[in-house]
Amino acid sequence: MNPKSPATDKDIAVRLRRIEGQIRGIERMLEEDRACEQTLTQLMAVRAGIDQVGLLMMENPHREVPPPGPQADPERLEELRETLKMWARFGLLPGAASPLD
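Residues numbered from 1 in each chain as written. Predicted model: local features only at pLDDT ≥ 70, side-chain atom pairs only at ≥ 80, totals over all residues. Heavy atoms only, no water.

Participant: I tried to follow the pattern of salt bridges on my own but got confused; where do I start?
Facilitator: It is possible for side chains bearing opposite charge to pair when their charged atoms get close. Applying the stated criterion across every chain yields a total of 2 salt bridges. R24 is the partner of E20 in a salt bridge, and the nearest nitrogen-oxygen pair spans 3.4 Å. With E20 and R24 both in helix α1 (residues 9–31), this residue pair falls 4 residues apart, about one helical turn. By relative accessible area, E20 is classed as partly exposed at 44%. (Salt bridge = Lys/Arg side-chain N within 4 Å of Asp/Glu carboxyl O. Helix = DSSP H or I, 4+ residues; strand = E, 2+ residues; numbered from the N terminus. Buried < 20%, exposed > 50% of the residue type's maximum accessible area, 1.4 Å probe, protein only.)

Put into structure tokens, the structure is as follows:
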């Protein structure tokens, strides 16, 4: 994917399949009783992959994002704001404060 071109649904699906494979790999690591550090490293890779998918979805021009300015629907903007707050909150480590609160 060209860094300047927007992600397509196909690009996002490819990343999700990669994450799915990583999850299966983590399951195998647990079954094989692999070192905790190795498993945690893979979990961090999955977390980073999921974050990237979320960012790509937000950048995708085909996704429905309310336009800025006076023509914006205040209710729709509030829904988007709440969704972004949740994304930030759940993407943080336990105990960290959300930058949107």
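Participant: It is not clear to me how a nonpolar patch on the surface should be interpreted in this structure. Could you clarify?
Facilitator: A cluster of nonpolar side chains, contributed by I50, L55, M58, L84 and W87, occupies part of the molecular surface with about 400 Å² of accessible area. Within the residue set of the nonpolar patch, elements represented by two or more residues are α2 (36–59) and α3 (74–90). In terms of residues, the nonpolar patch owes the most to one element, α2, which gives 3 residues. Tracing the sequence through the fold places L84 in helix α3. We classify L84 as partly exposed; its relative accessible area is 32%. (Patch = residues over 30% accessible without salt bridge, like charges linked within 9 Å, V, L, I, M, F, W, Y side chains within 5 Å. Areas by Shrake-Rupley, 256 points an atom, 1.4 Å probe, with all protein chains shown as cover.)

Participant: Is there a simple way to think about the confidence of the model for the protein in this case?
Facilitator: A low pLDDT score tells you not to read the predicted coordinates there in detail. Across the protein, the average pLDDT comes to 78, with 71% of residues at or above 70. Per-residue pLDDT, averaged within each element of the protein, yields its smallest value for α3 (77) and its largest for α1 (94). (pLDDT = per-residue confidence, 0-100.)

Participant: Even after reading the chapter, I still don't get unusual backbone geometry, so can you show me in this structure?
Facilitator: For residues that are not glycine, phi is negative in most cases, and the peptide bond is trans in most cases. Even without being glycine, D33 reaches a positive phi, approximately 55 degrees. Mapped onto the elements, D33 comes out in the loop between α1 and α2. Assessed through its relative accessible area of 67%, D33 is described here as exposed.

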